[in-house]
Structure formats: C-alpha cells, structure tokens
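Inside the fold
For reference, the chains in residue letters:
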Amino acid sequence: MYKKLILSLVTLAICFHPVDALAATNKPLNKAVSSKIIVRYGMKGDDVKKVQAQLIKAGFLQGKADGIFGKATYMAVKRFQETSKLAVDGIVGSKTLAALKKYKPPKNKAQLSKDKAKSPQKIKNVKPALDKPLRQDNPKYEPDIPGNWRPILLESTAYTRYDEGCTDFTYRGNFLRRGLVAVDPDIIPLGTKLYVPEYGYAIADDIGGAIQGHRIDLAMETVDEAFNYGRRHITAYIIS
C-alpha cells in the first residue's frame, strides 16, 4: 500500500511538469504572435485595403484604397513610420498598425501652408501644350504608325528594380520587367497600351513619386541599359 502511494505521487509530479513547461513557453509564443507581420509589399485583399484607408485618412497616401500593396502604399508606410519614429521597413506589423490607428494629422494651418509653399509644384500643373512640341533627342523615323494611335509628348527616363527605393513589383502587382512603364495616372491611365520609339510596345503598369505630369519611366532589365538610355524628350503613342 505504501509503495502504491509513492508511485501515485511520482506519476502526478511527472504529469504536472509538462504543463508547467508549456505554460512557460506560452509567454514568448504570445509575444511572437503579437509582433507578426500583418501586410507587406505584394499582398492583396481586405487587410491591405483597411491599411490603405488608414494611410489616406492620415494624409500619407493619395487616391483610393484598392487593396493592392504596391509601390505607393509601400512608400506611404515608410513615410508614416519615419514620422512616427518607428522602424522604417515598409512592413505593417502590430506596432505600425496600432500607431496608425491612433495617429492624428496636424491641424496647424500655418504650418501646412508653410510646407505647401516649400514643396515643389507638380509638373502636371504646367503641362506642355501639344501645339508647342518639346525638343526631341535623336529623332528617328518610326514607320507604320497607325492613324488612330494618339501621339503624346513626354519626358522619358529609365529605371530598374535594382534602383534605390524600387522593388521587384509594379504598382499593379506585376513583376517589374521591360515593357512595363511608370506614368502619372492623371495623364496616362494605368493599363493603357503604348508604343514608345526606340523601346517598343509597353503597358502603363507602375507609378512613382517623381513621375508626375507628362513624364514616363521605362523599365529596363539592367542598370547599364537604364544609364545608357538617360533622359529624353519623345513622342510616344497611345494605342487605341
């Protein structure tokens, strides 16, 4: 009888020991869950749309919440993180989301007016008139341009996914490659098919903070291609 009592007590001690160990491991597990990534570049869906709505409300993102975590959303998140003195990684985790929900835009009108005066004017506010063509660098004859293609005068540059501040994906979520170009959607809507002399057929698939007004940024495969292309004034064609 005495031996059976000792055996029972030993069994109970063994059974309770794993429970204590599991309770001890639950603390760091909960901590890990609380700091999990919520949304990041390339993701789509309602969670992204909610974050975009918060960014728009806070004044860090313009346009509509489309549920696509592209370049504009990525840069808006980084600007907010920098303003809020958080880790600037462009990823919306629990800390960034909590700070975003609590954020209140500044209401100092004098300061806002001062900042507006310092900010450079967008190029689209001084659009070049189509009857006053820009200088075109090294113009070449482009044969067989259909009459229903609409010409548009643009300042053209080139970029790659390797450039500082760029990512592997366009604003519309496609892998950045030759044939996809960045535009100002107010001038050329995203999804528009284009023909660019000395570049070829292209699709307006990306945007950029510096691509405002009559500008276009052509995606290249290598940095050397982008440097060699430089900056030009061209006549591109919107394919109807």
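Residues numbered from 1 in each chain as written. Predicted model: local features only at pLDDT ≥ 70, side-chain atom pairs only at ≥ 80, totals over all residues. Heavy atoms only, no water.

In this section: the pairing of strand 5 (residues 193-196). Successive residues of a regular strand alternate their side chains across the two faces of the sheet. By the bridge criterion, four bridges tie strand 5 to strand 6 (residues 200-206) in an arrangement that is antiparallel. Bridge pairing in strand 6 links Tyr-195 to Tyr-201. From the end of strand 5 to the start of strand 6, which pair antiparallel, there are three residues, and Glu-198 there has a positive phi angle of about 65 degrees. (Pairing = 2+ DSSP bridges. Helix = DSSP H or I, 4+ residues; strand = E, 2+ residues; numbered from the N terminus.)

Attention now goes to helix 3 (residues 71-83). Under the 1.5 Å per step criterion, the end-to-end length of helix 3 is 18 Å for 13 residues, consistent within 8% with the ideal 18 Å. Of the residues making up helix 3, those classed as buried are Lys-71, Ala-72, Thr-73, Tyr-74, Ala-76, Val-77, Phe-80 and Gln-81. For helix 3, the elements touching its buried residues are helix 2 (46-58), strand 2 (92-93), helix 4 (94-102), strand 3 (150-159) and strand 6. In the stretch just after helix 3, Lys-85 is the one whose phi turns positive, near 60 degrees. (Expected span 1.5 Å × (residues − 1). Buried < 20%, exposed > 50% of the residue type's maximum accessible area, 1.4 Å probe, protein only. Contact = heavy atoms within 4.5 Å.)

Counting through the fold element by element, Val-88 comes out in the loop between helix 3 and strand 2. Taking C-alpha positions, Val-88 is 5.4 Å from Lys-78, a pair spaced 10 residues apart along the chain. Beyond its immediate chain neighbours, meaning those up to four positions away, Val-88 contacts Lys-78, Gln-81 and Glu-82.

Any pair of aromatic rings gets described here by the distance separating the centres and the angle formed by the planes. This model, assessed by the stated rule, comprises 10 aromatic pairs. Between Phe-169 and Phe-175, the ring centres sit 6.0 Å apart and the planes meet at 85 degrees, which makes this aromatic pair edge-to-face. Note on Phe-169: relative accessible area 34%, which makes it partly exposed. Judged by relative accessible area, Phe-175 falls into the partly exposed class, the value being 39%. Over the ring of Tyr-229 we find Arg-232; its NZ or CZ atom is 3.9 Å from the centre of that ring. (Phe/Tyr/Trp six-rings, centres within 6.5 Å; stacked < 30°, edge-to-face > 60°. Lys NZ or Arg CZ within 6 Å of the ring centre and 35° of its normal.)

With that settled, the discussion passes to the sheet that holds strand 8 (residues 232-238). In any sheet, the strands associate via hydrogen bonds between backbone groups, in a parallel or an antiparallel arrangement. Pairing within the closed barrel is mixed, and its six strands lie in the order 3-7-4-6-5-8. For this sheet the average axis-to-axis angle between neighbouring strands, irrespective of direction, equals 45 degrees. For strand 5 and strand 8, the ladder comprises two bridges, and the chain directions are antiparallel. Bridge pairing in strand 8 places Leu-194 opposite Ile-238. (Axes fitted to C-alpha atoms, helices over the stretch in contact; angles between N-to-C directions.)

Before going further, it helps to examine the nonpolar core. It is characteristic of soluble globular proteins that their nonpolar side chains tend to be buried jointly. In terms of nonpolar packing, the biggest core is built from 25 residues, with Val-181, Ile-188, Tyr-199, Ile-216 and Leu-218 touching the most fellow members. Counting only elements with at least two residues in this core, the list comes to strand 3, strand 4 (180-183), strand 5, strand 6, strand 7 (215-219), helix 6 (223-229) and strand 8. Judged by nonpolar contacts, the second largest core, of 19 residues, contains Val-39, Phe-60, Leu-61 and Tyr-74. (Core = buried A, V, L, I, M, F, W, Y, C linked by side-chain atoms within 4.5 Å.)

Time to look at the pairing of strand 4. Judged by which residues are buried, strand 4 turns out to be covered on both faces: Leu-180 and Ala-182 on one side and Val-181 and Val-183 on the other are all buried. Strand direction decides the pairing type here: strand 4 and strand 6, joined by three bridges, are parallel. Pairing of Ala-182 across the sheet is with Asp-206, part of strand 6. With three bridges joining them, strand 4 and strand 7 adopt antiparallel strand pairing. Each bridged residue has a counterpart across the sheet, and for Val-181 the counterpart in strand 7 is Leu-218.

Taken together, the side chains of Tyr-162, Val-223 and Phe-227 make up a nonpolar region of the molecular surface, amounting to roughly 350 Å² of accessible area. Mapping Tyr-162 onto the fold places it in the loop between strand 3 and strand 4. Given a relative accessible area of 52%, Tyr-162 falls into the exposed group. (Patch = residues over 30% accessible without salt bridge, like charges linked within 9 Å, V, L, I, M, F, W, Y side chains within 5 Å. Areas by Shrake-Rupley, 256 points an atom, 1.4 Å probe, with all protein chains shown as cover. Salt bridge = Lys/Arg side-chain N within 4 Å of Asp/Glu carboxyl O.)

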